[in-house]
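The primary structure of each chain is shown beneath.
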Amino acid sequence: MACCDCCIGVAPIRPPINLNEQSESLKGPEMVRVSKFYKEAKNGRYLRYLYEDTRTLYETFRRGVKESNNGNCLGWREGPNKPYVWQTYNETLLRAKNFGSGLICQGLPPGQNTFVGIYSQNCPEWVMTEQAAYCYSMVIVPLYDTLGANACAFIVNQTEMSVVICEDDKKANLLLDQSPRCLRKLITIKEVSPSTHQRAKSRGVEILKFTDVEIQGAQKDHPCIPPKPENVCTICYTSGTTGMPKGVMLTHENVVASMCSVNMQLGEHRPSKHDVMISFLPLAHMLERCCENSVYMVGGAVGFYSGDIRRLADDLSALKPTMIPAVPRLLNRLYDKAQSEISNSKIKKLLFNMALSAKESELKRGIIRTDSIWDKLVFRKVREGMGGRLRLMVVGSAPLAGNVLTFARCALGCLIVEGYGQTECTAPVTLTVQGDHVPEHVGPPVACCKVKLVDVPEMEYYAAQGQGEVCVQGANVFKGYFKEPEKTREVIDQDGWHHTGDVGKWLPNGTLKIIDRRKHIFKLSQGEYIVPEKIENIYIRSQYVEQVFVHGESLKSCVVAVVVPDVDVVKCWALENGIKGTFSALCENEKVKKVILDDMLQWGRTAGLKTFEQVKDIYLHPDPFSVQNGLLTPTLKAKRPEIRNYFKPQIEDMYKQLE
């Protein structure tokens, strides 16, 4: 349906490249693809920086100071219903330099062997700590809640960190619970209680205040020792798989190359000194870090959310950001909220569908705007809920459903680009191109890397058919896992290609679509990793469970399972509880299902499964998985893709019931 409101005067987005040929194919048998945004890419060169004098994160921040003309840099709110208060670039730079100098006063030597821990929600001190470390070529190591106390202690130990900058009393105590011997000092951003001070003292740990370290550093004023591009800037620990997290070593060049490639691709839509970005995704993850440092490089402003995700809407309306890095979960919520608001009214539903249809037809012509009749009538609330000034959104971390992305593009009237990446590739590997309205792919490679697909014969994916494991080589690929050379060799081959473990497919227009995972690990929509075998090994301990298959999807926020119950145990329980029927009938009985699910969840709790790892629903199947029915290998391992396909209707039904 055409828009009833004339769109004369709205210039459509001119795609910067031919959308039918979005990546360049290099000559040779490997079918390597590169960016069309960087002329040298087809000669095998990578974009490493955009400005000769801006090749480290120390230099990018100083560039921002000049670009902004000492404008606003970091913003925060003193409390609910309070306006944002701002700190300028010069103040931020001075405080960061003083804090870095203070760390040296506290006995930290400058250089690459000094690791500074930070355990805090996003706040100005986080950024000042990061810049403080860069002033003296130190390495920043973020800690975060979902790692858990054991993993945090492991990281402090492995990096032999003596100092951690810590947000508050709660986080200080979490570190003190298992404080490794090397930990000598906690520098706290907020006040901590006398009992925490006492507890720290008994463990040989000194607690200092952030501002006191700043003052001490200002008095001493140690001269800066800036880093080189090849120096490590951060060790980012990923909680991606089983066992303890792995420390991804990223250099200044890695991060600068990533940021510059995205900015180059965005062209006239890239961040500028006039932008205000909201910071709410964890700074411990590289998507947020890259986005923020991109804004600092051009002299833009970053406002931090108040720390409570339930008050994010309030922060958005107070800050009115122009830019937002987001994850699918945020857009899913917007979509669900819009759907629930129209569900009880036929008129609202009709208007909504007309508006969506009209805006979508504009989208196909490259028109992005917020002033049509439909924007005023139908989508105004959605847009104002995001602050009302949004012009750019970068979505990453997990796949996004096509209908949700199209809805967000129509309702928000801003440019939304979707990327695919990994911590090991400093966030982006590919990014969708402005003007491409087609959803459900992740765009062409960015200019700092090249991408190829390699055969995964055991899953029947072959590069010759345009499908295979995604492999990346380039200026954004990490140096290796900290102190884990074997694990590094498992993922980086001798030619320097990083094997991501994700299975992709090239679409005819040169964009990439992620279709599977090589190892049986998947990400939920909120970005959490799930290792199904780990969960299955816990649930199998239940007396009621003979076999179990745990399944999750990247567009869903929870996991479900197919369970083959133990015949004897279930029949015995049914007899004791006066429930009659064949085994197949018992598998369909709600009481039987409840007793099995409750027991599985109890085993999960005992084994310490996180809430997102626990199944939300189960389907009981009377017949065992076997070699004969094609669901087990000859060595009796589960054939996961086959089981998934076999139970597709039941899995879809469980997710439908959970919505």
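This structure is a prediction, so every number in the text was calculated from the model and none was measured.

Student: Explain the overall build of the protein chain residue by residue, including any values.
Tutor: A count of helices and strands for the protein chain gives 22 helices and 27 strands. Across its three principal axes, the protein chain shows a C-alpha extent of roughly 80 × 70 × 55 Å. When each of the 659 residues of the protein chain is scored for burial, the buried share is 57%. Taking the contacts inside the protein chain whose residues are at least 6 apart along the sequence as the reference set, 66% of them involve residues at least 24 apart. Accessible surface for the protein chain amounts to roughly 28700 Å². Of this, 51% is attributable to carbon and sulfur atoms.

Student: Run through the domain arrangement of the protein chain, naming residues and quoting values.
Tutor: Size of an interface, as often reported, equals the accessible area lost when the parts are brought together. As assigned here, the protein chain comprises domain 1 (23-48 + 327-517), domain 2 (57-65 + 86-254) and domain 3 (522-658). The C-alpha-based centres of domain 1 and domain 2 are spaced at 32 Å. Summed over both partners, the interface of domain 1 with domain 2 comes to about 1500 Å²; 60% of that surface belongs to carbon and sulfur atoms. Among the residues of domain 1 in contact with domain 2, T423, K479 and F482 are the three that bury the most area, contributing 41% of the side total. The interface formed by domain 1 and domain 2 contains 2 salt bridges. Broken down by class, the residue content of the side of domain 1 that touches domain 2 amounts to 5 nonpolar, 4 polar and 6 charged.

Student: Could you give an account of the pattern of salt bridges, naming the residues involved and the relevant values?
Tutor: With the rule as written, the count across this model stands at 33 salt bridges. Here D177 and R199 are joined by a salt bridge, their closest N and O atoms 2.6 Å apart. Within this pair, whereas D177 is found in helix 5 (residues 169-177), its partner R199 is found in helix 6 (residues 194-202), the two being separated by 22 residues in sequence. With relative accessibility at 43%, the residue D177 sits in the partly exposed group. Notably, a salt bridge pairs R391 with D275, separated by 2.7 Å at the nearest N-O pair. Of this pair, R391 sits in the loop between helix 14 (380-385) and strand 15 (392-395) while D275 is found in the loop between helix 8 (252-266) and strand 12 (276-279), placing the two residues 116 residues apart along the sequence. D275 gets classed as buried once you look at its relative accessible area, which sits at 3%. Members of the salt-bridge network, linked through shared partners, are D145, E167, K171 and K190.

Student: I'd like to hear about the pairing of strand 21 (residues 498-506), residue by residue, with values.
Tutor: With 7 of its 9 residues buried, strand 21 lies for the most part within the structure. Relative to strand 21, strand 19 (residues 467-474) is paired through 5 bridges, and the arrangement is antiparallel. Residue pairing across strands places Q467 opposite K505, the latter belonging to strand 21. The sheet contact formed by strand 21 and strand 22 (residues 512-517) spans 5 bridges and is antiparallel. Bridging across to strand 22, V503 finds its partner in D516. Counting the residues between successive antiparallel strands, the hairpin from strand 21 to strand 22 contains 5 residues, one of them, G510, with a positive phi of roughly 85°.

Student: Give a detailed account of the sheet that holds strand 2 (residues 33-35), specifying residues and quantitative values.
Tutor: Read across the open sheet, the 6 strands follow the order 1-2-18-19-21-22; overall the sheet is antiparallel. Because the sheet does not close on itself, it has two edges, and the strands there are strand 1 (23-25) and strand 22. The sheet shows a mean angle of 40° between the axes of neighbouring strands, direction not considered.

Student: Describe in detail a nonpolar patch on the surface, supporting the description with residues and values.
Tutor: A grouping of I347, L351, I373 and L377 is seen on the molecular surface, where their side chains present a nonpolar patch of about 370 Å² in accessible area. Elements with a minimum of two residues in the nonpolar patch: helix 12 (346-364) and helix 13 (373-377). By the secondary structure assignment, I347 is in helix 12. I347 sits in the exposed class, given a relative accessible area of 64%.

Student: Before we move on, could you go through the environment of G552 and cite the residues and values that matter?
Tutor: Within the fold, G552 resides in strand 25 (residues 545-552). Take G552: its relative accessible area is 7%, and that puts it in the buried class. Each C-alpha atom, one on G552 and one on M354, is 34 Å from the other, the two residues being 198 residues apart in sequence. Discounting chain neighbours no more than four positions away, the residues touching G552 are F522, C558, V559 and Y655.

Student: So, helix 15 (residues 402-412): which residues are in play, and what are the values?
Tutor: Working note: α-helix, 3.6 residues per turn, so residues spaced by three or four point in the same direction. Where burial is concerned, most of helix 15 is hidden: 10 out of the 11 residues are buried. Inspection of helix 15 places G402, V404, L405, T406, F407, A408, R409, C410, A411 and L412 among the buried residues, and these make up the whole buried set. Tucked inside the fold, the buried residues of helix 15 contact helix 11 (328-342), helix 12, helix 13, helix 14, strand 15 and strand 16 (415-422).

Student: Just give me the short version of the nonpolar core, but keep the residues and values in it.
Tutor: Burial of nonpolar side chains together is a common tendency in soluble globular proteins. One finds F99, L103, M138, I165, I187, Y296 and F478 to be the most contacted residues of the largest nonpolar core, which totals 91 residues. Both domain 1 (23-48 + 327-517) and domain 2 (57-65 + 86-254) contribute no fewer than three residues apiece to this core. Contact partners of M138, with chain neighbours within four places excluded, come to L103, I104, L108, P109, P110, G111, T114, V116, A133, V232 and C233. Within the second largest apolar cluster, 42 residues are counted, among which are L316, Y335, F352 and A401.

Student: Which residues make up the side chain of R77, and what values do they have?
Tutor: One can find R77 in strand 3 (residues 72-77). Judged by its relative accessible area of 14%, R77 is buried. Only 2.8 Å separates the side chain of R77 from the side chain of D315, close enough to count as a polar contact. Once residues within four sequence positions are removed from consideration, R77 is found in contact with K82, P83, Y84, D314, D315 and A318.

Student: Just give me the short version of the packing of aromatic side chains, but keep the residues and values in it.
Tutor: Within the structure shown, the criterion is met by 12 aromatic pairs. Ring geometry for F115 and F482: centres 5.3 Å apart, planes at 70°, overall edge-to-face. Here the residue F115 occupies a position in strand 5 (residues 115-119), and F482 occupies one in the loop between strand 20 (480-481) and helix 16 (485-491), the gap between them amounting to 367 residues. For F482, a relative accessible area of 10% puts it in the buried group. Put simply, the rings of Y335, F352, F379 and F407 pair up and form one aromatic cluster. One residue, R63, lies across the ring of Y51, its end atom 3.6 Å from the ring centre.

Student: Could you give an account of the sheet that holds strand 25, naming the residues involved and the relevant values?
Tutor: Strands sit in the order 25-26-27 across an open sheet of 3 strands; the sheet is mixed. Where the open sheet ends on each side, the last strands, each with one partner, are strand 25 and strand 27 (615-620). The sheet shows a mean angle of 25° between the axes of neighbouring strands, direction not considered. Bridging between strand 25 and strand 26 (residues 559-565) involves 7 bridges; their strand directions are antiparallel. Across the sheet, Q547 pairs through a bridge with V564, a residue of strand 26.

Student: I'd like a description of the packing of helix 3 (residues 124-135) against helix 9 (residues 286-298), backed by residues and values.
Tutor: Here helix 3 crosses helix 9 at 75°, and the two axes come no closer than 13 Å. Compared by their axis directions, helix 3 and helix 9 come out roughly perpendicular. Facing helix 3, whose interface residues are W126, V127, E130, Q131 and Y134, helix 9 presents R289, E292, N293 and Y296. Per-class residue counts for the contact of helix 3 with helix 9 are 4 nonpolar, 2 polar and 3 charged.

Rules behind the numbers
- Every chain is numbered on its own, with residues counted from 1 as its sequence reads.
- Whole-chain, interface and lining totals are the exception, using all residues; otherwise, since this is a predicted model, local features are given only for residues with pLDDT of at least 70 and side-chain atom pairs are given and counted only at 80 or more.
- The basis for the side-chain values is all heavy atoms of the structure; hydrogens and waters are excluded.
- Secondary structure elements follow DSSP: runs of H or I no shorter than four residues count as helices, runs of E no shorter than two count as strands, and numbering proceeds from the N terminus.
- Type-normalised accessible area, obtained with a 1.4 Å probe on protein chains alone, sets the label of each residue: buried when under 20%, exposed when over 50%, and partly exposed for intermediate values.
- Contacts were defined at the residue level, with two residues in contact if any of their heavy atoms lie within 4.5 Å.
- Method for areas: the Shrake-Rupley scheme with a 1.4 Å probe, in which residue coverage is limited to the protein chains shown.
- Annotation comment: domain bounds sourced from an automatic or database domain assignment.
- Simply put, the buried area is the total loss of 1.4 Å probe accessible area from both parts when two parts are fitted together.
- Every case where a carboxyl oxygen of Asp or Glu lies within 4 Å of a side-chain nitrogen of Lys or Arg is listed as a salt bridge.
- All amino acids are sorted into three groups, where Ala, Val, Leu, Ile, Met, Phe, Trp, Tyr, Cys and Pro are nonpolar, Asp, Glu, Lys and Arg are charged, and the leftover types, Gly among them, are polar.
- Two strands pair under a simple rule: DSSP has to find at least two bridges between them.
- Here an angle of 0 to 180 degrees is reported between the N-to-C directions of two axes, which are lines fitted to C-alpha atoms, with helices fitted over the stretch in contact.
- Surface patches are drawn from residues lacking salt bridges whose relative accessible area is over 30%; two like charges belong together within 9 Å, two nonpolar side chains (Val, Leu, Ile, Met, Phe, Trp, Tyr) within 5 Å.
- The nonpolar core is taken to be a set of buried Ala, Val, Leu, Ile, Met, Phe, Trp, Tyr and Cys residues, with the residues joined through side-chain atoms within 4.5 Å.
- Two N or O atoms count as a polar contact when they lie within 3.5 Å, although within protein this holds only if one can serve as hydrogen donor and the other as acceptor, and sequence-adjacent residues are included solely when both atoms are side-chain atoms.
- Aromatic pairs are defined between Phe, Tyr and Trp rings, using the six-membered ring for Trp, whenever the two ring centres lie within 6.5 Å; interplanar angles under 30 degrees are classed as stacked, those over 60 as edge-to-face, and all others as tilted.
- Sitting over a ring, as applied to charges here, requires NZ of Lys or CZ of Arg to be within 6 Å of the ring centre and within 35 degrees of the ring normal.
- Working definition: roughly parallel below 35 degrees, roughly antiparallel above 145 degrees, roughly perpendicular at 65 to 115 degrees, and oblique for all remaining angles.

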